[in-house]
Amino acid sequence: MKTRDKLLSQEVSVIIINMILGIGTVELPSRLAQEAGPDGIIAYLIAVGIVVFATLLYCWLTLRFPKQGFADYSAQLTGRVIGFILSLAFTAFYVGVCSSVLRAFTNITKYFLLQRTPLEVIMVSMLFATSILARNGLQPIARSCQIILMILLVPVFLLPFFIPIFEFGEFLPLFQTSMPNMIKATFSALFSLAGAEVLLIVGSHSDKKSRLVRQALGGVLFAGFFTGGIVILSFGSLSIEQTAKLTEPVFEMIKYVPVPILLLERVDIFYYTIWIAATYSTITIGLFAASHNLAETFKLESGKGFVIPLAAVTYYLATLPKNELEVQAFSAFMSICWTILTFGIVPVLILLSYIRKKGEPVLKRNKSKQQAKEANP
Amino acid sequence: MYNRRAFNKHCIESEAVFLKLAKRVHINTKLIQEELNHSSDLIIHNFILTLPHRRELTGAMIYIEGMASGQLVTDAVLQPILHEMRDYDQPIDANILKFLAESVLTASEVTETDQLDDTLLSIMVGKVALLIDGFNTALTIDVKGWDYRTIQSPQTEAVIRGPRDSFIEVLNRNIMLIRRRLRDPNLVIEYVRVGERGQNDLAIAYIKDIAQPDLVQEVRKRLEKVNLDVILDSGYVEQIIEDDWWSPFNTIQDTERPDEVAAALVEGRVAILVDNTPFALLVPTTLNAQMMSPEDYYVRWAAANFIRVIRFLASFISFVTPSLYIALVSYHPEMFPTQLALSVAASREGIPFPAFVEALVMEISLELLREAGIRLPGPIGQTIGIVGGLIIGEAAVNAGIVSPIMVIVVALTAIAGFIIPTYNLSFGIRITRFFLMLAASFLGLYGLSLALLIVLGHLATLTSFGVSYLSPWAPFNWPDFRDSIIRAPWHVLKNRPSYTNPIDSTRQPTQKNKSNKRKQQS
Amino acid sequence: MTKRQFVFITICLLLLSGCWDAKDIDQRSFVMGVAFDLAEGDEEEHVMTIEIPLLKNFASNQGGSQQEETTLILSTTGKTVAQMSGNFESRTWREIFYGHTHVIIIGEEVARNGIAEFIDYFDRNPRIDRRLKLFIAQGEAREVFNAKNPLEPTVSNYLNQLLEVATRTSTVIKQNFQDSLRNLEHNGDTILPRVRGTDKEVEIAGGAVIKDYKFIAWLGENEARAAAFLYDNITGGSITVNIDEVFYTYAIRSSSTKIKAKLEGEQLTFFITVESSGDIIEIFQKQLKTPVDTPIEKVQAKLNADMKDEILHLLHKLQDLKADPIGFSKYVFRHFPKYWKEHRDEWKDVIFPQVKFEVQTKFTIQSTGILK
């Protein structure tokens, strides 16, 4: 795994999509229903808008330093010491994200699939599987994510079967929720859409920088649509009250949809697999991002060696919360971190790059095209 | 060129002092006999030519019986010499050899050499060495002739529609089979000699204006690393030049079919043909390429797609079914439809083993049967297959060792596994299947999913000579994707698959090229 | 090397650990159906009855021979569902498993005290199939399991299938667990199908009105049909009308119901439109008339009138019972949120009995069979 691996531009969007779709997707409908009821959709759309804006910020920062990773330019912009601390913080952020996702995932898996298996075993197996892939580098991760994405799209075939049980009226009383609840709901939606910040780590590997923005936005919007679709389906087919009270409305929805087919009355087997794949890709990308960032911070060729130690740290953190409440507090804490990163650190870095006149201009492309045109009439 | 260095080393080790030929025939003969350890099939045919003006020329022909065709030796060497030299007026000097080589000998390839090791090597490969007394140069004449299997239908890759010839063990015949299909002057065949003791011939085949030069160079580079005594089969070469030797999945494709090789060459891939084996190697390869059978292209669109979809489905079923059975039966019985769940539960009444052991036992028995079926000759082999399947399975069920559902699962797995067109790939699946079963037995559906993801990750890591093994799905390449699970009709497949990065990517001639069409020749 | 050793050790650790959840399928007892009754003499205790299939007879695909050999009926008493379920665990060596439970039957007496107590345990269990069916039994719930029925090996299966194809008649409401919960959680009211077990067979007909999670009244077959119309849940069944002592039977092929609400001041009016199309499948009369066209308009008019009456009758009954199982409150909640906020607490007791209904029925007869 070299730090200068190449990444096809289309793979950037694939990685972003896989990072976003994971544990948040499954919990989102329930939280939205609980906090905002039918207005959850509106809160969600607002969150999508915010995430799009955030993605543009990431693209901006990445394009300012097209050949360098986060560790490099943060050191350049803020001096070696602060840059070092920032890098470490970023790594820690990713480790935290992985832990939080891992723990939430483990809780649910334990409850639905393997009631008596200890949490530790589930966590170690997942970390084992993800570490193998994370150690192999960016290219294999991108390729796996491509295939996992195709797998994630399989449920789309179930859409027609939702029509008989879908009730449009469920969305009706709009604009009824109070402001504080809306804000809470938007915030929840925001964290389940978080994931595009991997752009800061992998964006510099993309081979066609000019398409970066398009790819990143494409990824985020796709993930947004997908999650939004799930939320809408859940509201419509299970009713808002049911969605609010269930922990994992998506699974219930899948179990319940009247698929009049053949062998499998219960198509939920596939959906567990798909969901495990989505979480797997999220954790893999997270582990990779953390180890890669560390490698760049310490100017090493490859981050391979960091993966297992980071996985161990992830495991330890994931075992810390003792019960459901603490798990949720952990997730909430990670969302706050994400917000600080996105709306605090990234804009500051962008500003610094303009103030200290480091980095390449982002909008020069048009000019150079014009120059080229003038040169060759 | 042959491996002179190794041969010389051998000669030095055996303390050959003379590296060049002597002038006297009888010394040379004795030398050669010594070097070749007085092999009983070494034929030394001394002759005396009578030249005009009462001159005599002594000479000897040395060859190995069985490697050189005695008939050719007589017809192409001895007779012309005896005949033509009768009227040779010129003085006996160095020109005589030139005269012999150019005007007398009617055999195809004649070379002159004064090196002992060249001569020895030529004799070993089946040429005849012609020594003339008074000259320290030998003429080596190609009169190879030996017995070989006739061209038959392929043993491992049968098709219903399509050509039925397959490679045999003779390299130049195999090349002929390819050349007949690709009558393009740009088809390049490069000979390479590999193997210290075997001195086996290899041929690299590629089409110069389609295949990437980097690829060909990489192939040449890797072949240089082959450092074995003898190359008995292309498998030896494959295992040394492949990218990931430890993976159960093969990154080099092998085939017995010349039409498949020709198709691969046209796609910009490189073929490596090895003497003494009918299996040719194709690089680079992808998972998709190995799941395709040449028949997919010969049969019409609808039929081809039908078969392809079934093939992919079957591979997946073969891969996953036993583990799925274990996961559902032991961990998640609520996922069965109720009627099925009750049937399964009822059929497992009284079986003493847990589902995993049952599955393992059945799968291993199946592998045993399969291997046994290969070793046994003809009709017995087939009968054992049937006997094994039916009777042993039935007996096992009646004895209460396995449940009938398990037998069905295993049979389904086996049958679905046979659909995979390449034998090599089926090994990958057979081996990984056990891994999946293990994972499913520990953590149920979760374990199965994780195991599938690990396998996916592994496949994503594999590259074959620089090409991602999972092309065209990842990285996703829409033009190539149209030829993977479903094959687009011919008029849509205008470009060659891009994973080989061909120089000339248009498959079919455009208007421009039509004027260049060569006249038909048979 | 340390890397490889680490991997090796991890794999060994994973392998050396046990399989905590592995329990082969034949080591579980599949509970096909559950029934709840009151314990005799003790109002606080309940009786839970479960039906477990005896697996020996399921090996082949036949329906099983006699009833008593194919299922095992167990009963136990206790207070909460979890307690009673635990009691069963100590009576069979196989683990009680609710993954294939198809039917939950709640006895009449118990239902009068409330059904919510019995639903939570199943609602929380991730393994249950959400398409199971809830029934209210007339009489004792366990009688249902005693009924002998040679067609299906288990009564639960039979009941489940029966309700699945309830579309053949329209005299029973087809609802599964998820649907029922959906309605119940909205305002605590719903209509559940009624089942009655006799010695000979089980019978599903009519419905039971649940108000605030308690059973309050039965609905007859016609009333249940009217309710089915209101739920827009009808895909089959037949209606007979009587015109001058001649009985015309109309088979419903399709039907759709739309409900709209209008708020004028403080008066709510619901506009219900039922549209249906079907065929005449029988004319029950003394003689076969010579070719005379069936009086389609008259039949349609009579159908419209009859069904309108039935629906209104049902609605009034519900208003008298002060129950809103059809979920009219949903429409109010969605379309008039402010009004709902003000009046939600008194919806069932005060407002609902006073709403006005305007029912319009449009039945169309597509064909009259092959006769005119």
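Before reading on, note that the structure itself is shown above.
The notes below deal with the structure included here. The structure displayed is predicted, hence computed values, not measured ones.

## As for helix α10 (residues 212-238) of chain A
Inference 1: Look at α10(A): 38 Å from first C-alpha to last across 27 residues, which is about the 39 Å you get at 1.5 Å a residue.
Inference 2: Two residues or fewer past α10(A), A:Ser239 is found with a positive phi of approximately 75 degrees.

## Digging into the pairing of strand β4 (residues 127-132) of chain B
Residues and elements named next belong to chain B.
Inference 1: With 6 of its 6 residues buried, β4 lies for the most part within the structure.
Inference 2: What you see with β4 is no split at all: Lys127, Ala129 and Leu131 on one side and Val128, Leu130 and Ile132 on the other are buried throughout.
Inference 3: Bridging between strand β2 (residues 55-64) and β4 involves 4 bridges; their strand directions are antiparallel. Paired with Ala60 across the strands is Leu131, a residue of β4.
Inference 4: Pairing between β4 and strand β5 (residues 138-142): 5 bridges, direction antiparallel. Each bridged residue has a counterpart across the sheet, and for Lys127 the counterpart in β5 is Asp142.
Inference 5: Linking β4 to β5, which pair antiparallel, is a turn of 5 residues; within it Gly134 sits at a positive phi near 100 degrees.

## Some thoughts on the interface of chain A and chain B
Inference 1: Of the residues lining the interface, 34 residues belong to chain A; the matching set on chain B comes to 27 residues.
Inference 2: A combined buried area of about 2,600 Å² lies between chain A and chain B, and 74% of that area is made up of carbon and sulfur atoms.
Inference 3: Per-residue buried area on chain A facing chain B is highest for A:Leu114, A:Arg143 and A:Ile269; these three make up 23% of the total on that side.
Inference 4: Our enumeration of links across chain A and chain B arrives at 0 salt bridges.
Inference 5: The interface formed by chain A and chain B contains 4 residue pairs in polar contact (both at pLDDT 80 or more).
Inference 6: Only α1 (9-20), α4 (70-112), α5 (119-135), α6 (138-152) and α13 (268-297) of chain A provide two or more residues apiece to the side of chain A that touches chain B.
Inference 7: Take the side of chain A that touches chain B: its biggest share by element is 8 residues, from α5(A).
Inference 8: Residue composition of the side of chain A that touches chain B, by class: 21 nonpolar, 8 polar and 5 charged.

## Let's talk about the packing of α1(A) against α6(A)
All names here are of chain A.
Inference 1: Between α1 and α6, the shortest axis-to-axis distance is 9 Å and the interhelical angle comes to 65 degrees. The way α1 lies across α6 gives a crossing that is left-handed. Every residue of α6 that contacts α1 at Gln10, Glu11, Val14, Ile15, Ile17 and Asn18 is listed here: Leu138, Ala142, Arg143, Cys145, Gln146, Ile148, Leu149 and Leu152.
Inference 2: Taken together, the residues that form the contact of α1 with α6 break down as 9 nonpolar, 3 polar and 2 charged.

## Details of the environment of B:Ala158
Inference 1: Within the secondary structure, B:Ala158 sits in the loop between β5 and α6 (171-181).
Inference 2: Separated by 85 residues in sequence, B:Ala158 and B:Val73 have C-alpha atoms that sit 40 Å apart.

## Overview of the sheet that holds β5(B)
All names here are of chain B.
Inference 1: The 5 strands lie next to each other as β1-β2-β4-β5-β3, forming an open sheet whose pairing is antiparallel. The open sheet has two free edges, formed respectively by β1 (42-51) and β3 (110-113), since each of these has just one partner strand. Each neighbouring strand pair of the sheet contributes to a mean axis angle of 25 degrees, computed without reference to strand direction.
Inference 2: Packed onto the sheet, helix α2 (residues 25-35) meets β1, β2 and β4 and runs at close to 10 degrees relative to β2.

## Examining the interface of chain C and chain A
Inference 1: Contacts between the two partners involve 32 residues from chain C and, on the opposite side, 35 residues from chain A.
Inference 2: Buried area between chain C and chain A, summed over both chains or domains, comes out near 3,100 Å², and the portion from carbon and sulfur atoms is 47%.
Inference 3: Interface area lost by chain C to chain A is led by C:Trp20, C:Arg182 and C:Arg334, which between them contribute 25%.
Inference 4: Note that A:Lys245 is salt-bridged to C:Asp123, the shortest N-O span being 2.4 Å.
Inference 5: At the surface where chain C touches chain A, the tally comes to 9 residue pairs in polar contact (both at pLDDT 80 or more).
Inference 6: In the side of chain C that touches chain A, the residues fall into 10 nonpolar, 6 polar and 16 charged.

## Topic: the packing of aromatic side chains
Inference 1: Considering all chains together, one arrives at 34 aromatic pairs over all chains under this definition.
Inference 2: A centroid spacing of 6.0 Å and a plane angle of 80 degrees characterise the contact between B:Phe312 and B:Trp473, whose relative ring orientation is edge-to-face. Of this pair, B:Phe312 sits in helix α12 (residues 301-330) while B:Trp473 sits in the loop between β12 (467-468) and α18 (478-481), placing them 161 residues apart in sequence.
Inference 3: Residue classification places B:Phe312 among the buried positions, given a relative accessible area of 17%.
Inference 4: For B:Trp473, a relative accessible area of 9% puts it in the buried group.
Inference 5: Note on C:Phe229 and C:Phe363: the rings are 6.0 Å apart at their centroids and 75 degrees apart in plane angle, and the pair reads as edge-to-face. Here C:Phe229, found in helix α9 (residues 221-231), pairs with C:Phe363, found in strand β14 (residues 356-367); they are 134 residues apart in sequence, far enough to count as distant.

## Some points on helix α8 (residues 177-187) of chain C
Each α-helix winds once per 3.6 residues, and so residues spaced three or four apart point in a common direction.
All names here are of chain C.
Inference 1: Among the 11 residues of α8, 9 are classified as buried, and the element is accordingly described as predominantly covered.
Inference 2: Of all the positions in α8, only Phe177, Gln178, Ser180, Leu181, Arg182, Asn183, Leu184, His186 and Asn187 are classed as buried.
Inference 3: Positive backbone phi, approximately 80 degrees, marks Gly188, located one or two places after α8.

Rules used in this analysis
- Residues numbered from 1 in each chain as written.
- Chains lettered and ligands numbered in written order.
- Predicted model: local features only at pLDDT ≥ 70, side-chain atom pairs only at ≥ 80, totals over all residues.
- Heavy atoms only, no water.
- Helix = DSSP H or I, 4+ residues; strand = E, 2+ residues; numbered from the N terminus.
- Expected span 1.5 Å × (residues − 1).
- Buried < 20%, exposed > 50% of the residue type's maximum accessible area, 1.4 Å probe, protein only.
- Pairing = 2+ DSSP bridges.
- Contact = heavy atoms within 4.5 Å.
- Buried area = accessible area lost by both parts, 1.4 Å probe.
- Salt bridge = Lys/Arg side-chain N within 4 Å of Asp/Glu carboxyl O.
- Polar contact = N/O pair within 3.5 Å; in protein donor to acceptor, adjacent residues only side chain to side chain.
- Nonpolar A, V, L, I, M, F, W, Y, C, P; charged D, E, K, R; others polar.
- Axes fitted to C-alpha atoms, helices over the stretch in contact; angles between N-to-C directions.
- Left-handed = near helix turned anticlockwise from the far one by under 90°.
- Phe/Tyr/Trp six-rings, centres within 6.5 Å; stacked < 30°, edge-to-face > 60°.

What is shown is where atoms sit, not what they do.
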